Amino acid sequence: FGSITASAESTFNNNIIIDDDKKLYFGAGKDASMEYDEDGTNQLRLAGASAIFEQAVTVVGLLSASANMSASAYYGDGSKLSNISMGVLLEVLPA
């Protein structure tokens, strides 16, 4: 197969299949990538300066991470678990 170049939004009406150990790149400088590593680890790998996982409909943060910086897990209206220089910070909710 050759390559496909699209300069506008594209819609696919069926599955998109990416072979094992191939990457999807994002940004003109390949700033971020997504790869399914089938070489024995079976990991979905996301790479970039930072990553934020959000609930699609309500745009509520679920997980945020930055390389060598911070990581936070969210529930409801804010961060409930975060790393700090001395370990982790856990917000305890009232019973």
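Coordinates for the structure precede this section.
So, here's what we can say about the structure. (Residues numbered from 1 in each chain as written. Predicted model: local features only at pLDDT ≥ 70, side-chain atom pairs only at ≥ 80, totals over all residues. Heavy atoms only, no water.)

**Quick look at the overall build of the chain**
Here comes step 1: A count of helices and strands for the chain gives zero helices and eight strands.
Here comes step 2: Listing each helix as α and each strand as β along the chain from the N terminus yields β-β-β-β-β-β-β-β.
Here comes step 3: Residues counted as buried form 8% of the 95 residues belonging to the chain.
Here comes step 4: When contacts within the chain are restricted to residue pairs at least 6 apart in sequence, long-range pairs at least 24 apart make up 0% of them. (Helix = DSSP H or I, 4+ residues; strand = E, 2+ residues; numbered from the N terminus. Buried < 20%, exposed > 50% of the residue type's maximum accessible area, 1.4 Å probe, protein only. Contact = heavy atoms within 4.5 Å.)

**Focus: a nonpolar patch on the surface**
Here comes step 1: Together, F12, I16, I18, L24, F26, M34, Y36, L44, L46, F53, L62 and L63 line one region of the surface with nonpolar side chains, adding up to about 1,100 Å² of accessible area.
Here comes step 2: Among the secondary structure elements, those contributing two or more residues to the nonpolar patch are β1 (23-26), β2 (32-37), β3 (43-47) and β5 (60-66).
Here comes step 3: With respect to the helices and strands, the residue Y36 is situated in strand β2. (Patch = residues over 30% accessible without salt bridge, like charges linked within 9 Å, V, L, I, M, F, W, Y side chains within 5 Å. Areas by Shrake-Rupley, 256 points an atom, 1.4 Å probe, with all protein chains shown as cover. Salt bridge = Lys/Arg side-chain N within 4 Å of Asp/Glu carboxyl O.)

**Things to note about the packing of aromatic side chains**
Here comes step 1: Considering all chains together, one arrives at zero aromatic pairs under this definition.
Here comes step 2: The ring centre of Y25 lies 4.6 Å from the NZ or CZ of K30, which sits over that ring. (Phe/Tyr/Trp six-rings, centres within 6.5 Å; stacked < 30°, edge-to-face > 60°. Lys NZ or Arg CZ within 6 Å of the ring centre and 35° of its normal.)

**Considerations on the pairing of β2**
Here comes step 1: Side chains S33, E35 and D37 project from β2 onto a buried face, and the interleaved A32, M34 and Y36 project onto a face without burial.
Here comes step 2: The pairing of β1 with β2 spans four bridges and is antiparallel. By the bridge assignment for β2, L24 is matched with M34. (Pairing = 2+ DSSP bridges.)

**Let's talk about the layout of surface pockets**
Here comes step 1: Space inside the largest pocket adds up to approximately 520 Å³.
Here comes step 2: For the second largest pocket, the calculated volume is near 210 Å³.
Here comes step 3: Lining of the second largest pocket is provided by 14 residues; of these, L46, A47, G48, S50 and A51 occupy positions nearest its centre.
Here comes step 4: Listing elements by their share of the lining of the second largest pocket, those giving two or more residues are β2, β3, β4 (50-55) and β5.
Here comes step 5: Tallying contributions element by element places β4 first for the lining of the second largest pocket, with four residues.
Here comes step 6: Partitioned by chemical class, the residues of the lining of the second largest pocket number ten nonpolar, four polar and no charged. (1 Å grid on protein atoms, 1.4 Å probe; cavity = no way out; pocket = protein on both sides within 12 Å on 5 of 7 lines; lining within 4 Å. Points joined across faces, edges and corners; volume = space filled by probe spheres on them. Nonpolar A, V, L, I, M, F, W, Y, C, P; charged D, E, K, R; others polar.)

Fair warning: the whole summary comes from geometry, so function is off the table for now.
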